[in-house]
Amino acid sequence: MIMPPMTKTLLLAPALLMGIACNDPNGLPPPVAKVTVSPSAANVLIGGTMQLVAQTEDVTGNVLTERVVTWASSNTAVATVSSTGLMMGVGAGQATITATSEGQRGTAAITVNTALTITPASDSVQAGAGLALFRATVRDAAGNVISDRPITWSSSDTTIAQIEASYPGWVYVLGIRAGQATITATSEGATAAAALKVLVAAASVTIAPSETTVVAGSTFLLSATLRDSAGNILDRSLLWGCGCNDVVQLDPTGPHTARVTALIAGGGTVYANQDGIPPVGSAHITVKGTGDVGSVALTPLVTVVFVGGTAQLTATLRDTAGSILTGTPITWAVKRPDLLSVRQTGLVTGVAPVGFTDDTRVTATSEGVRGVADVNVAPADAIVTITPGSATLPIGATVQLTAEVTTGRLTFPGGEYTWSSSDTLVASVSATGLVTARSIGPPVITATMQGRSSSVSITVVSQ
């Protein structure tokens, strides 16, 4: 059936009325009236990120979806923002992130900080004695250390502890009087703090016994007492040290005690103090041998051996009266046999070139008494060199020649050289290299060690 025109108009009217209710009079979607950014304020670390969300609403507060939003940062040196609202901290400071949609804006206040940690070298210091060291480290969100950031330091109570000297990343704090203060580091809005206890100053350290004489191989305990100026005992841990030259071995057994093991005959001094600062207590230890041996002397005291070459060391034992002892067992040793080996006869062999170090120091020990000799190990291609390289002498004159093992710019001192002259009637040479001119002629003087030699020409002229 064909409807009349009036009937069509009435059926369309409800649809038109529905469109007018949802849109503006022109039939368009409602405009954005408000933009809200969440979170509206945030703190992030350098290198850290945060997703910002923008919500658009119409004038009645209805949430509008699928609206175009643009993002911007007021300071891209502090924080950047992507087209999707992902914000990243770039540098310490403040920035405003703005979301804009259809002319309406919403903002978020962003603060970018660094991560700051503070590390004290010690949590205590004596009043008026010594300094406490604190270190501060600046890091980004990934934990990477950031250098060259400004750091300021402060003390919560400068009558107890005050900043003495500060440097990039660390500071010295001086204890003024007994008490506790908080040391704070600040960098670009970030802070970190650590407590510092200032202790009553110590006035004395005593070690008992203060004088001890023992036999090599024995052990005993030392005890240290720390007191303030009023004589009160201070219960604090002490540091032990020893100027002992391998005579004794020192092993701390507690905050105030240490065990001493006598190794070889000789003397040494043991020290104790708090945190390496005065006052310092001391005790002297004398170690005697276990028998008649009073001394062990090695000859030569300093020598050189080529890699693969050998040298003979000799030990002379004497009693306390200085008389030579024979038949007493001797133990030969070296710290690093991979560099230098030693037989129980005192014969040393070069294994690896190192020159002189404590690792190639040879010891001979008898009844707790020790003698030492320093041995240099020269490379196999080292040569013997004589100085001066030549000399002209009138009859009757002398010149002292010196032989050394050299390689490149290195010189290896020591060594037992055999000296000889090609013509002793013209010039003689002593066991120490002293040449004496006797008659006119051109003799050759040679120095030999471990099968290697070097020669120099001497010209003897009339007076």
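Residues numbered from 1 in each chain as written. Predicted model: local features only at pLDDT ≥ 70, side-chain atom pairs only at ≥ 80, totals over all residues. Heavy atoms only, no water.

A few words now on the overall build of the chain. Of the regular secondary structure elements, the chain holds one helix and 46 strands. Its C-alpha radius of gyration of 44 Å places the chain more than 25% over the 23 Å reference for a compact globule of 463 residues. Counting only C-alpha atoms and orienting by the principal axes, one finds that the chain spans roughly 155 × 70 × 50 Å. Taken across its 463 residues, the chain has 39% of its residues classed as buried. Of the contacts made within the chain by residues no fewer than 6 positions apart, 54% connect residues no fewer than 24 positions apart. A total accessible area of about 24,200 Å² is found for the chain, and carbon and sulfur atoms account for 55% of it. (Helix = DSSP H or I, 4+ residues; strand = E, 2+ residues; numbered from the N terminus. Rg over C-alpha atoms; globule rule 2.2 N^0.38 Å. Buried < 20%, exposed > 50% of the residue type's maximum accessible area, 1.4 Å probe, protein only. Contact = heavy atoms within 4.5 Å. Areas by Shrake-Rupley, 256 points an atom, 1.4 Å probe, with all protein chains shown as cover.)

Before going further, it helps to examine the state of the cysteines. A covalent bond bridging the sulfur atoms of two cysteines is what the word disulfide describes. Considering all chains together, one arrives at one disulfide under this definition. Sulfur-sulfur distance for the disulfide between cysteine 242 and cysteine 244 comes to 1.2 Å. Residues cysteine 242 and cysteine 244 are joined through a disulfide that is left-handed, its torsion about the S-S bond being -40 degrees. Note on cysteine 242: relative accessible area 33%, which makes it partly exposed. With relative accessibility at 5%, the residue cysteine 244 sits in the buried group. (Disulfide = S-S within 2.5 Å.)

Below, the discussion takes up the nonpolar core. Within the largest apolar cluster, 42 residues are counted, with the highest numbers of intra-cluster contacts made by Ala79, Ile97, Ile110, Phe134, Trp153, Val173 and Leu196. For this core, the element with the most residues is strand β18 (residues 190-199), which contributes five residues. Those residues within four positions of isoleucine 97 in sequence are excluded, and the remaining contacts are Leu52, Trp71, Ala72, Ser73, Ala79, Val81, Met87, Gly106, Thr107, Ala108 and Ile110. Val304, Phe306, Val426 and Met449 belong to the second largest nonpolar core, which has 26 residues in total. (Core = buried A, V, L, I, M, F, W, Y, C linked by side-chain atoms within 4.5 Å.)

For a regular strand, the rule is simple: side chains alternate between the two faces of the sheet. Where strand β42 (residues 418-421) meets strand β45 (residues 444-449), four bridges bridge the pair, whose relative direction is antiparallel. Counted as the bridge partner of serine 421 is isoleucine 445 from β45. Bridge count for β45 against strand β46 (residues 452-461) is six bridges, and the pairing is antiparallel. Paired with valine 444 across the bridge in β46 is serine 457. From the end of β45 to the start of β46, which pair antiparallel, there are two residues, and glutamine 450 there has a positive phi angle of about 50 degrees. (Pairing = 2+ DSSP bridges.)

What follows concerns the packing of aromatic side chains. Evaluated as defined, the whole model comprises two aromatic pairs. An angle of 25 degrees between the planes, with centres 4.4 Å apart, marks the rings of tyrosine 167 and tryptophan 170 as stacked. For tyrosine 167, a relative accessible area of 41% gives the class partly exposed. With relative accessibility at 25%, the residue tryptophan 170 sits in the partly exposed group. Where tryptophan 170 meets tyrosine 172, the ring centres are 5.3 Å apart and the plane angle is 90 degrees; that geometry is what we call edge-to-face. Overall, the relative accessible area of 27% leaves tyrosine 172 in the partly exposed class. Ring-pair connections join several aromatic residues into one group, and the members of that group are Tyr167, Trp170 and Tyr172. (Phe/Tyr/Trp six-rings, centres within 6.5 Å; stacked < 30°, edge-to-face > 60°.)

By the criterion of burial, strand β36 (residues 369-378) is predominantly enclosed, with eight of the 10 residues buried. Inspection of the sheet shows strand β28 (residues 302-306) paired to β36 by five bridges, in the parallel sense. Residue pairing across strands places valine 302 opposite aspartate 374, the latter belonging to β36. Of the pairings in the sheet, the one linking strand β35 (residues 361-366) to β36 comprises six bridges and is antiparallel in character. Looking at β36, one finds that alanine 364 is bridged to glycine 371. The antiparallel pairing of β35 with β36 creates a hairpin that spans two residues between the two strands, and glutamate 367 there sits at a positive phi of about 55 degrees.

Turning our eyes to something else, we now look at unusual backbone geometry. When glycine is set aside, most residues are seen to have a negative phi, and most peptide bonds are trans. The peptide bond linking serine 38 to proline 39 adopts the cis configuration, its omega dihedral lying at -5 degrees. Here proline 39 lies in the loop between β1 (34-38) and β2 (41-45). Backbone torsion omega between threonine 299 and proline 300 reads -10 degrees, so that peptide bond is classified as cis. Structurally, the position occupied by proline 300 is in the loop between β27 (293-299) and β28.

All right, on to the confidence of the model for the chain then. Averaged over all residues, the pLDDT of the chain is 90; the fraction at 70 or higher stands at 94%. When the criterion is pLDDT under 50, residues 1-22 qualifies, and its contacts beyond four places in sequence or with other chains add up to two contacts. (pLDDT = per-residue confidence, 0-100.)

Position of glycine 414 relative to the elements: it lies in the loop between β41 (410-412) and β42. We classify glycine 414 as partly exposed; its relative accessible area is 27%. Taking the C-alpha atoms as reference, glycine 414 lies 5.1 Å from valine 302; in sequence the two are 112 residues apart. For glycine 414, the residues in contact, after removing those within four places along its chain, are Val302, Thr303 and Val304.

What follows covers the pattern of salt bridges. Tallied over the full model, the rule gives eight salt bridges. For aspartate 338, the salt bridge goes to arginine 336, with nearest N and O atoms at 2.8 Å. Aspartate 338 sits in the partly exposed class, given a relative accessible area of 41%. On the basis of relative accessibility, which here comes to 31%, the residue arginine 336 falls in the partly exposed class. Salt bridges sharing common partners tie together Lys335, Arg336, Asp338 and Asp359. (Salt bridge = Lys/Arg side-chain N within 4 Å of Asp/Glu carboxyl O.)

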